[in-house]
Amino acid sequence: QVQVVESGGGLVQPGGSLRLSCAASGSIFSIYAMGWYRQAPGKQRELVADITSGGSTNYAASVKGRFTISRDNANNTAYLQMNSLKPEDTAVYYCNVDLVKGPPYWGKGTLVTVSS
């Protein structure tokens, strides 16, 4: 079993910053990629950013230049630095862990609210 835990969400004013963390633990042999997804009320879950074990990154167009994903392979941890936050970034943010072998795992999510 693999456990995935997100942290770092909260309430922030427009233009502010937050840093999300995702820690994976348990029966992990090798992680291929870790990613952040988000789901706003009434909308489908969407990819925000992901990063492979080799460091290749991929971002949604809506967050490019504002969000940065990073990863600590030794500790099976991923981070999402979010700057210049906008009200439309309000959502529950989920971490996804994609193993080299086996199904992907999801965390329970952390709420980010951008509001004045």
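All of the points below concern the structure found in this document. (Residues numbered from 1 in each chain as written. Predicted model: local features only at pLDDT ≥ 70, side-chain atom pairs only at ≥ 80, totals over all residues. Heavy atoms only, no water.)

Another point: the sheet that holds strand S7 (residues 67-72). Backbone hydrogen bonds are what pair the strands of a sheet, in a parallel or an antiparallel way. Here we have 4 strands laid out as an open sheet, ordered S1-S3-S8-S7, and antiparallel in their pairing. Since the sheet does not close on itself, it has two edges, and those belong to strand S1 (2-7) and S7, each with one partner. Along the sheet, successive strands turn relative to each other by an average axial angle of 15°, direction set aside. Sheet topology note: the S7/strand S8 (residues 77-82) ladder contains 6 bridges and is antiparallel. Paired with Thr 68 across the bridge in S8 is Gln 81. (Pairing = 2+ DSSP bridges. Helix = DSSP H or I, 4+ residues; strand = E, 2+ residues; numbered from the N terminus. Axes fitted to C-alpha atoms, helices over the stretch in contact; angles between N-to-C directions.)

Throughout the structure, instances matching the rule amount to 1 disulfide. The disulfide bridge from Cys 22 ends at Cys 95, spanning 2.0 Å between sulfur atoms. With the S-S dihedral at roughly -75°, the linkage between Cys 22 and Cys 95 falls on the left-handed side. Taken together, the positions of Cys 22 in strand S3 (residues 18-26) and Cys 95 in strand S9 (residues 91-99) put the pair 73 residues apart, joining distant regions of the chain. Taken individually, Cys 22 and Cys 95 each receive the classification buried, so the pair is uniform in this respect. (Disulfide = S-S within 2.5 Å. Buried < 20%, exposed > 50% of the residue type's maximum accessible area, 1.4 Å probe, protein only.)

A few words now on the pattern of salt bridges. Considering all chains together, one arrives at 3 salt bridges under this definition. Here Glu 46 makes a salt bridge to Arg 38, at a shortest N to O gap of 2.8 Å. Note on Arg 38: relative accessible area 6%, which makes it buried. (Salt bridge = Lys/Arg side-chain N within 4 Å of Asp/Glu carboxyl O.)

Everything listed is a geometric property; what it means functionally is a separate question.
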